[in-house]
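Here's the letter readout for the chains.
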Amino acid sequence: MKRVASIPRADWQARAEKVGLTYHTPEGVRYWDESAYYEFTAQEIDVFEKAANDLHMMCIEAAEVVIKENLFAQLGIPDRAVPLILKSWDRDDFSLYGRFDFAYDGQNPPKLLEYNADTPTALVEAAVAQWYWLEDTNPKADQFNSIHEHLVAAWKKYKSTGDKVWLGGAKDSLEDA
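Just so you know, these numbers come straight off a predicted model, no measurement behind them. (Residues numbered from 1 in each chain as written. Predicted model: local features only at pLDDT ≥ 70, side-chain atom pairs only at ≥ 80, totals over all residues. Heavy atoms only, no water.)

Asker: When you look at helix α4 (residues 121-137) in this model, what are you seeing that I'm missing?
Answerer: Given 3.6 residues to a turn, an α-helix orients residues that are three or four positions apart in the same direction. Taking 1.5 Å of rise per residue, 17 residues should cover 24 Å, and α4 covers 22 Å from first to last C-alpha, within 8% of that figure. Among the residues making up α4, those that are buried are Thr-121, Ala-122, Leu-123, Glu-125, Ala-126, Ala-127, Ala-129, Trp-133 and Leu-134. Next to the buried residues of α4 lie β2 (36-39), β3 (99-103), β4 (111-116) and α5 (147-161). (Helix = DSSP H or I, 4+ residues; strand = E, 2+ residues; numbered from the N terminus. Expected span 1.5 Å × (residues − 1). Buried < 20%, exposed > 50% of the residue type's maximum accessible area, 1.4 Å probe, protein only. Contact = heavy atoms within 4.5 Å.)

Asker: Just checking my understanding: could you explain unusual backbone geometry for this structure?
Answerer: The bulk of non-glycine residues show a negative phi, and the bulk of peptide bonds are trans. The residue Glu-27 is not glycine, and still its phi comes out positive at about 50°. Looking at the secondary structure, you find Glu-27 in the loop between α1 (12-18) and β2. The backbone of Asp-92 sits at a positive phi, close to 60°, despite the residue not being glycine. As for its position among the elements, Asp-92 is in the loop between α3 (82-91) and β3.

Asker: How do you make sense of the packing of α4 against α5 when you look at a structure like this?
Answerer: Each pair of packed helices can be summarised by the angle the axes make with each other and by the distance between the axes. Closest axis-to-axis distance for the α4/α5 pair is 9 Å, and the angle between their directions is 125°. What the angle tells us is that α4 and α5 run oblique. Listed contacts from α5 to Leu-123, Ala-126 and Ala-127 of α4 are Ile-147, His-148 and Leu-151. (Axes fitted to C-alpha atoms, helices over the stretch in contact; angles between N-to-C directions. Parallel < 35°, antiparallel > 145°, perpendicular 65-115°, else oblique.)

Asker: Even after reading the chapter, I still don't get the nonpolar core, so can you show me in this structure?
Answerer: Across soluble globular proteins, nonpolar side chains show a tendency to be buried alongside one another. Grouped together as the largest cluster of nonpolar side chains are nine residues: Leu-96, Tyr-97, Leu-123, Ala-126, Ala-127, Ile-147, Leu-151, Ala-154 and Tyr-158. A total of four residues in this core trace back to one element, the largest contributor, which is α5. (Core = buried A, V, L, I, M, F, W, Y, C linked by side-chain atoms within 4.5 Å.)

Asker: It is not clear to me how the environment of Gln-43 should be interpreted in this structure. Could you clarify?
Answerer: The topology assignment puts Gln-43 in helix α2 (residues 42-68). Assessed through its relative accessible area of 62%, Gln-43 is described here as exposed.

Asker: Please clarify how the pattern of salt bridges should be interpreted in this entry.
Answerer: Throughout the structure, instances matching the rule amount to eleven salt bridges. With its nearest N and O atoms 2.9 Å apart, the salt bridge here joins Arg-15 to Asp-11. On the accessibility criterion, Arg-15 (35% relative accessible area) is partly exposed. Of the residues examined, Asp-11 reaches a relative accessible area of 37% and is grouped as partly exposed. Asp-54 serves as the salt-bridge partner of Lys-50, at 2.6 Å between the closest nitrogen and oxygen. Here Asp-54 and Lys-50 lie together in helix α2, a separation of four residues that amounts to about one turn. On the basis of relative accessible area, Asp-54 is assigned to the partly exposed category, the value being 33%. Overlapping salt bridges, with partners in common, bring together Arg-9, Asp-11, Arg-15, Glu-34 and Asp-136 in one network. (Salt bridge = Lys/Arg side-chain N within 4 Å of Asp/Glu carboxyl O.)

Structural data, given as structure tokens:
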């Protein structure tokens, strides 16, 4: 893993906003930062992929424990949501999207910081803004990220079912808006 210093694009704010990343500097604090990026080897990417797959399975197992032991209240899940969760579990609905954020020092296994599966902002950052930044700054490079392709496939699958898709967001959140 290599941290590479980078010169931010001169008009990075406008470019970020153009692709939907409108919360790049909330309350004057820079959230989106183009002054550096990380370059990984194929072997390091394999480490991340395995960690993500393993964590995804752990999340499914944890959800099963919550359901079997009726732990919804301890997690702050309102009673009115429980029947919907149970129906989704029984139907074996697939996950529309999710993104793991890791801390990684290049030596030890990646450590989970957070799992972004509750707000669509993860998609804007990881599937769109990062891709356009890469295209603008280093078009011959590639990004290990298939969020866009998987999301297109998921929407096609949902469209064929006619089901509604519900996404959550925090009230009065610039990021979620």
